[in-house]
Amino acid sequence: MNKKLLISIFVVSSLFLGTSLFSEDNLTKPTQKVQELIEKNKLEIVDYKYVKKAIAKGTKDSASAVLVDARPDGKYKKGTIPSSINIPDTDYDKYKIQLNDTAKNKEIIVFCGGWACGKSPKVAGMLKKDGFTNVKLYQAGEPEWIKKSYKEVDLIVAKAIQENNSGLLVDARPYKMYLKETIPGAISIPDTNIDKLLGRFPFNKKEKIVVFCGGFKCAKSHKVANKLVAKGYKNVSVFAGGMPVWIEAGLGTTKSIAKKEETKESKKEFSANGVKIGSDEGSVDGEWFYKLYKDGKVPANIQIVDVTAPEEFAKGHLVGAINIEAEKLSAKDLYEKLPKDKSIVFNCTAGGRSLDAWNRLKQAKYDVSEVFYFDANIDCKGSDCKIKVNEPIE
């Protein structure tokens, strides 16, 4: 068949199926805006194999480079590349103290939300200005990493999974330690016996699995996670803080003699203005909001606010959205620009900047009871938008 004809059929098929050849998932190089930041800061891009080798056993002690996640704290806690530290571009001065004892020639690899994300080259540029001489970019970032490997998650994720029974918790420590004390509901798969015990794992390779062991310096959980990924499991995480962080947080263990009943304040399902509240703090319920938007039924009392740059907004945006570039504004200026008679739903291209905007208002102690962020990947060409709602913490 003629090559041009094959290409035409592929393009038409993609359009017919509602997919985009140029969506975030299909990007294999930086967007023009990101490329300009890379060139401005004279940054070298490294690939997945390079990063995989650099993190070694997955712990900070074993890694040959410092991995820096430039996304907001909320995104970092939900899932990051193992051994990473968090330095959001919007809170650089606050978080950079983590590198106070790091040699200026130490290799640092910065990443964020993929090829279209400008946060990583921004942070990399800031690090170079602060005198770090060996700064590189893994610009494919978190989206590519989680497709190929396992991620590291925070206590809030492990706690939510344990409470909701929404995944399999795996203790990778020796069996005697497991018997002595573990997280309630966890099963024992010591890293030394994983080959013998593979039959204990779910048949469904997409099942959520969270592995833990003896804390941030313990590589046993990473060893089990790598083995699971090699066996084809698609949703594997490591709770790197493990038992020490769990106990320090005062959470119940199998050893607990008396377990305090945690009084839970009943969570509202809807805001006073009728917005369905998402599982993650500050978020709108993604599926609820997406359905309203898709059906053209977003209520008049909800104002969508696109927080991206004007040039991004001009290329495409959600119908009915107004544009306020939140990154350039103080919390006070941002709050003053928002309509006061409506509920606000921030959006951007991948959820990071909208979460930043909401965080800035909350930290400045503004009333955010009717301010939310839409955690979704959004790719718009004009008013034609491809929307993929990101999973909440479960």
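Everything that follows concerns the structure shown earlier in this document.
Numbering of residues starts from 1 in each chain and follows the order in which that chain's sequence is written. pLDDT decides what is reported in this predicted model: residues at 70 or higher carry local features, side-chain atom pairs at 80 or more are listed and counted, and totals for whole chains, interfaces and linings draw on all residues regardless. By convention in this description, side-chain values take in all heavy atoms of the structure and omit both hydrogens and water.

**Re the pairing of strand β13 (residues 343-347)**
Burial here depends on accessible area, computed with a 1.4 Å probe over protein chains only, as a share of the maximum for the residue type. Under 20% is buried, over 50% is exposed, and the range in between is partly exposed. In this description a helix means any DSSP run of H or I spanning at least four residues, a strand means any run of E spanning at least two, and both kinds are numbered starting from the N terminus. Among the five residues that make up β13, five are buried, leaving the element largely enclosed by the rest of the structure. Here strand β11 (residues 302-306) pairs with β13 via five bridges, running parallel. Residue pairing in the sheet places Q303 in a bridge with I344 of β13. At least two bridges found by DSSP between two strands is the condition for calling them paired. Direction of pairing for β13 relative to strand β14 (residues 371-373): parallel, over a ladder of three bridges. Opposite I344, over in β14, you have V371 as the bridge partner.

**A closer look at the state of the cysteines**
We call a pair of cysteine sulfur atoms a disulfide whenever their separation is within 2.5 Å. Applying the stated criterion across every chain, the model contains three disulfides. Bridging C112 to C117, the disulfide has an S-S length of 2.2 Å. Here C112 and C117 share a disulfide; its torsion about the S-S bond, -135°, makes the bridge left-handed. C117 matches C112 in its accessibility class, with the two residues each being buried. Here C213 engages in a disulfide with C218; their sulfurs sit 2.2 Å apart. On the S-S bond that ties C213 to C218, the torsion sits near -130°, and the link is left-handed. Accessibility classification places C213 together with C218 in one group, the buried group. Shown here for the chain is a disulfide pattern of 1-2, 3-4, 5-6, where each number marks a bonded cysteine counted in sequence order.

**A look at empty space enclosed by the protein**
The distinction between a cavity and a pocket rests on a 1 Å grid over the protein atoms alone: a 1.4 Å probe fits inside a cavity but cannot get out, while a pocket stays open yet meets protein on both sides within 12 Å along at least five of seven lines, and a residue with an atom within 4 Å of a point counts as lining. Grid points are joined across faces, edges and corners, and a volume is the space filled by probe spheres set on the points. A complete count under the given rule lists one cavity of 30 Å³ or more for this structure. In this structure, the largest cavity encloses a volume near 30 Å³. Lining the largest cavity are G58, T59, K60, S83, E152, F216, H222 and A240. We call Asp, Glu, Lys and Arg charged. Ala, Val, Leu, Ile, Met, Phe, Trp, Tyr, Cys and Pro are nonpolar, and the rest, Gly among them, are polar. Among the residues forming the lining of the largest cavity, the class breakdown is two nonpolar, four polar and two charged.

**Remarks on the sheet that holds strand β10 (residues 236-239)**
The strand order across the open sheet built from five strands is β6-β10-β9-β7-β8, with neighbouring strands paired in parallel fashion. Edge positions in the sheet fall to β6 (151-153) and β8 (187-188), since each has one partner strand and no second. As judged from the two bridges shared by strand β7 (residues 168-171) and β8, these two strands associate in the parallel manner. In the sheet register, V170 faces β8, and the bridge partner there is I187. Docked against the sheet, helix α11 (residues 220-230) engages β6, β9 (209-212) and β10, running at close to 180° with respect to β10. In this analysis, two residues are considered to be in contact whenever any of their non-hydrogen atoms come within 4.5 Å of each other. Think of each axis as a best-fit line through the C-alpha atoms, taken over the contacting stretch in the case of a helix, with angles from 0 to 180 degrees between the N-to-C directions.

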